[in-house]
Amino acid sequence: MPESTMNILIGGEAGQGLVTLGQLLAKSLVRSGYFIAVTQGYQSRIRGGHNTFAIRVGLDEVIAPLESLDLLVALDEDTATLHQRELSADGLVVIDRAFDVDADSFLKVPFKELAHGRFSNIAALGVVGSLLGLDDALMAKTLDDFFGKKKAHLAAENRRALKAAVEWTAAHSTAWCKLPAVSNPARRFMMNGNEAIALGAISAGLKFYAFYPMTPSTSVSVNLATHAKRMGLVVEQAEDEIAAINMAIGASFAGAPSMVGTSGGGFALMVEGISLAAMTETPVVVVVAQRPGPATGLPTRTEQADLELVLYAGHGEFPRAIFAPATVEECFHLTRKAFELAERFQTPIFLLTDQFLADSYRTVRPFDVENLSPVHVGAHAPESSPYLRFAITESGISLRLLPGMSEHLVVADSDEHTEDGHITEDLSIRTQMVEKRLRKEGWIGSLVVPPEMQGDEVPDLLLVSWGSSKGAVEETAWRLRSAKQRVATLHFSQVWPLRPEEFMRHLESARQVVSVEGNALGQLSRLIRRETGFEIKKQVLRYDGLPLTPESILRELNYGNH
Amino acid sequence: MVTIDDYGEYETAWCPGCGNFSILKAVKQALVASRLEPHQVLFVSGIGQAAKAPHYLNANVFNGLHGRSLPVATGAKLANPKLAVIVESGDGCNYGEGGNHFLAAIRRNIDVTLLVHNNQVYGLTKGQASPTTAEGFVTKAQPEGVFSMPFNPIAVAVAMHAGFVARGFSGMIDHLSNLIQQGIAHRGLALIDVLQPCVSFNKVNTFAWYKERCEPLPPEYNPTDWQSAMKIACEWGDKIPIGIIYRNDRIAFEEHFPVLAQGPLVEQDVDGAMLKEIIEAYV
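Residues numbered from 1 in each chain as written. Chains lettered and ligands numbered in written order. Predicted model: local features only at pLDDT ≥ 70, side-chain atom pairs only at ≥ 80, totals over all residues. Heavy atoms only, no water.

Draft legend 1. Region of the structure containing the overall build of chain B. Helix and strand counts for chain B come out as nine helices and eight strands. Computed over its C-alpha atoms, the radius of gyration of chain B comes to 20 Å, within 12% of the 19 Å expected for a compact globule of 283 residues. Projected onto the principal axes, the alpha-carbon positions of chain B cover approximately 70 × 40 × 40 Å. Classification of the 283 residues of chain B by burial places 59% in the buried group. Long-range pairs, those at least 24 residues apart, make up 72% of the contacts in chain B between residues at least 6 apart in sequence. A total accessible area of about 11,200 Å² is found for chain B, and carbon and sulfur atoms account for 54% of it. Between the averaged position of the 21 positive side-chain charges in chain B and that of its 27 negative side-chain charges there is a distance of 4 Å. (Helix = DSSP H or I, 4+ residues; strand = E, 2+ residues; numbered from the N terminus. Rg over C-alpha atoms; globule rule 2.2 N^0.38 Å. Buried < 20%, exposed > 50% of the residue type's maximum accessible area, 1.4 Å probe, protein only. Contact = heavy atoms within 4.5 Å. Areas by Shrake-Rupley, 256 points an atom, 1.4 Å probe, with all protein chains shown as cover. Lys, Arg positive; Asp, Glu negative; His and termini not counted. Charge placed at Lys NZ, Arg CZ, Asp CG, Glu CD.)

Next up, the structure:
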């Protein structure tokens, strides 16, 4: 029920405690039983500039960001000026009384009277939380949990600021509509895409992670580093991305389930290593969090333009799989699946996400942690000798022993090699080895996550999407269906390999097919055409660095505002 | 009891008279003297004629990409600290393509033995200049002679307080073998730069050229004195000092990870109760 959501945008300069405020408000909302979807917009700087933290909140699952605002929390004057035009008819602006901007719909808060400067973001939490009808005891507890018990004097100041703000709001606020209360709120997580990837990886048995910092992938690394000691992981910041992928390959060769995380430019540096993992048949999971390119591009914004990069990365021919999670839950579960496939097929497996999803906090139903088994690494040593690491088999998969774990010797080579792993220039062995490696692709293909079809089987309009755009596309379809149109969606959470038999009938039965992608070339459309010959003629493409929204898609479809 | 026969004898792709043969022999002797069984050893190499060496003995081998053997070795050692990890590759691989990894490995002090075959030229690609080629050395790719100053790996390693820095010569097998044995025994990164002739492409720094100049450090030399080590590291000319030039007892990188004290990562289960506790904190 997208109609019954409320959209809150907090804006200000970097360094004002805006993200802290956003996280506290988001967590308070989740604990109060609401569903949220967060969109973070920030600039490539540490102080100043204009940053935003938008929370869309509702009673049911919120699947997409929205442009239209119901509540604008302006921590600086610029925010009020920049975002006023996005305000809905009943929208309200919360702003510091000291700012020199004016309009009817302003709630002017004397922040300086409520709290000392550095606690004004907590005062803002109190004001906004009260406006929304959140319980002040719940907000106070969230505050305590967030800052921990270590800094007792800060905790007292925070609570004072919150209390003053709650009391001020009760005395001064207009009759602005609160959120409908949720009785007995369910226990749910607040988690973003990168956190879910880190946790999914640990649950799958990750033991080694190497990285070089790069937005928007860095929080995967930081999360893993945070949990490393307690979970017995080795997390290492490498000297560059080339070292990161090669370290992960070395660790995986020696038995540690391994992953690397990066973004476009860093991944470009890893590409030779991807080919090495494939040639030496070493499992490795690669997270590519997309941001707009080429080159340094827009470092902190979002895009879906590296599908072709990841699809073709690495010289030579070898099997791979590319997952493109649509939601935070999928970030968790598809990361686990990536580890399973990497270990089973002994080849690089990719997770293609983006800044929007990486930073998007959502309300997540608890995972069944007890029933999540980690991957089983390597194989038991055979009795017979000699051991052939690259034995040619019908499936293409060879028994993987780990060096030093038995008396068998494990030999791997980036050169073409014989079955025992040693360098060869025997051209008939070369042919057999190419075919052995590629036989694994058929198996991987038989295990793909099928694209998800929703809506009328024979629609007038079929919207095709992949990765994090799913929610915006589904909400668009929902709105059009509410206007009595026959609209369906076809979504890919795995973009390679493709199995045409699972989606061709949908493409062929729709009167019009439109692909919706966060890039300028329609990369999934091009891939579908390459694989099936089916041409998707109309595309809705966004490449300004912002995530797709239902409004932006409807505008491009020439439906105006639905 | 492990013997030299356990490490096997294989046909090679090297030129007759190549310094690699002597280095291979010294490596095998050092492994036997270290009482290491082939399955306890992992060789990691890059690309080049030197990088083929691990194919010519019995051991675990990861022959990776040009320049990238140190990161692979670092990852493998961090996954299984029980493995004796030896990187064996040439001057181009380690000091050129892999230069950044060379610096980072010294900073980390990962317990890896780094054996660099240094013949001051690119052999496999037929005679271009390497990072250690002398200024003015003429090749088909540098027809006016090399313009850049040669890289001094020993001086760089000593300047960075590497844990173990040695230079050997392929013409002195027993001396070299002893250096390799001590490098393996050292806990931390052990650099052994091995001077060797390239009979096909280096007509200047020949066997005779090295033999005339290489001179073992005297027994009274103290390799723990950093300042005298810096001085020795810069000596290069009519006399080239060989032996252990510098050593210290910095903590090995892998010792910073408590989890590795329990052995290989593959033998350690995922702590489900702890994971549950971590995930519950997201409520």
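Draft legend 2. Structural view of helix H17 (residues 523-532) of chain A. Within H17 of chain A, the full set of buried residues consists of Gln-523, Leu-524, Ser-525, Leu-527 and Ile-528 of chain A. Looking one or two residues past H17 of chain A, Gly-533 of chain A carries a phi angle of roughly 85°, positive in sign.

Draft legend 3. Up close: unusual backbone geometry. Cis geometry marks the peptide bond from Thr-215 of chain A to Pro-216 of chain A, where omega comes out at 5°. Inspection of the secondary structure puts Pro-216 of chain A in the loop between strand S8 (208-211) and helix H8 (218-231). For the peptide bond that leads from Trp-496 of chain A to Pro-497 of chain A, omega is -5°, which places it in the cis range. For Pro-497 of chain A, the location among the structural elements is in the loop between strand S19 (494-496) and helix H16 (504-509). Positive phi, close to 55°, is recorded for Gln-346 of chain A, a residue that is not glycine. Here Gln-346 of chain A shows up in the loop between helix H12 (328-345) and strand S13 (348-354). In this model, Lys-126 of chain B sits at a positive phi of 75°, which is unusual for a non-glycine residue. Its location among the elements puts Lys-126 of chain B in the loop between strand S4 (113-118) and helix H5 (153-159). By relative accessible area, which is 61% here, Lys-126 of chain B ends up exposed.

Draft legend 4. Quick peek at the interface of chain A and chain B. Taken residue by residue, the interface counts 67 residues in chain A and 51 residues in chain B. Both sides of the chain A and chain B interface together cover about 4,900 Å² of buried area, and 68% of this is carbon and sulfur. For the salt bridge of Arg-187 of chain A with Glu-280 of chain B, the shortest nitrogen-to-oxygen distance reads 2.3 Å. Taken together, chain A and chain B are joined by 20 residue pairs in polar contact (both at pLDDT 80 or more). Secondary-structure elements contributing two or more residues to the side of chain A that touches chain B are helix H1 (18-31), strand S7 (189-191), helix H7 (193-204), H8, strand S9 (234-237), helix H9 (241-253), helix H10 (264-279) and strand S15 (411-413) of chain A. A per-element tally of the side of chain A that touches chain B places H9 of chain A first, with eight residues. For the side of chain A that touches chain B, the per-class residue count stands at 33 nonpolar, 18 polar and 16 charged. As defined by bridge partners, S15 of chain A adjoins strand S2 (residues 60-63) of chain B across three bridges and the pair is classed as parallel. (Buried area = accessible area lost by both parts, 1.4 Å probe. Salt bridge = Lys/Arg side-chain N within 4 Å of Asp/Glu carboxyl O. Polar contact = N/O pair within 3.5 Å; in protein donor to acceptor, adjacent residues only side chain to side chain. Nonpolar A, V, L, I, M, F, W, Y, C, P; charged D, E, K, R; others polar. Pairing = 2+ DSSP bridges.)

Draft legend 5. How the structure looks around helix H4 (residues 99-108) of chain B. Residues and elements named next belong to chain B. Judged by how many residues are buried, H4 sits mostly within the fold: seven of 10 residues are covered. All of the buried residues in H4 are Gly-99, His-101, Phe-102, Ala-104, Ala-105, Ile-106 and Arg-108. A positive phi of about 65° marks Asn-109, the residue just after H4.

Draft legend 6. Structural detail: the environment of Leu-59 of chain A. Residue and element names in this part refer to chain A. For Leu-59, the location among the structural elements is in the loop between strand S3 (48-58) and strand S4 (69-74). Owing to a relative accessible area of 33%, Leu-59 belongs among the partly exposed residues under this scheme. Taking the C-alpha atoms as reference, Leu-59 lies 5.9 Å from Phe-35; in sequence the two are 24 residues apart.

Draft legend 7. Local environment of the packing of aromatic side chains. Scanning the entire structure with this criterion turns up 18 aromatic pairs over all chains. With centroids separated by 5.7 Å and ring planes inclined at 50°, the aromatic side chains of Phe-189 of chain A and Phe-367 of chain A adopt a geometry described as tilted. In this pair, Phe-189 of chain A is assigned in strand S7 and Phe-367 of chain A in the loop between strand S14 (362-364) and S15, connecting sequence segments 178 residues apart. Its relative accessible area of 9% is what places Phe-367 of chain A among the buried residues. With a centroid separation of 5.2 Å and an interplanar angle of 75°, the aromatic rings of Tyr-95 of chain B and Phe-102 of chain B are classed as edge-to-face. (Phe/Tyr/Trp six-rings, centres within 6.5 Å; stacked < 30°, edge-to-face > 60°.)

Draft legend 8. The sheet that holds strand S12 (residues 321-323) of chain A, seen in detail. Residue and element names in this part refer to chain A. Strand order in the open sheet formed by seven strands is S9-S8-S10-S11-S13-S12-S19, with mixed pairing between adjacent strands. The open sheet is flanked by S9 and S19, the only strands paired with a single partner. The mean inter-strand angle of the sheet, taken between neighbouring strand axes irrespective of direction, is 20°. Two elements, S12 and S19, share two bridges in a ladder whose sense is antiparallel. Along S19, the bridge assignment pairs Phe-323 with Gln-494. (Axes fitted to C-alpha atoms, helices over the stretch in contact; angles between N-to-C directions.)

Draft legend 9. Representation of the side chain of Asn-109 of chain B within the structure. Residues and elements named next belong to chain B. Residue placement: Asn-109 occurs in the loop between H4 and S4. For Asn-109, the side chain forms a polar contact with the main-chain nitrogen of Leu-189, separated by 2.8 Å. At 3.3 Å, the side chain of Asn-109 and the backbone oxygen of Arg-250 are in polar contact. Apart from residues lying up to four places away in sequence, Asn-109 is in contact with Gly-163, Arg-187, Gly-188, Leu-189, Arg-250, Ile-251, Ala-252 and Phe-253.

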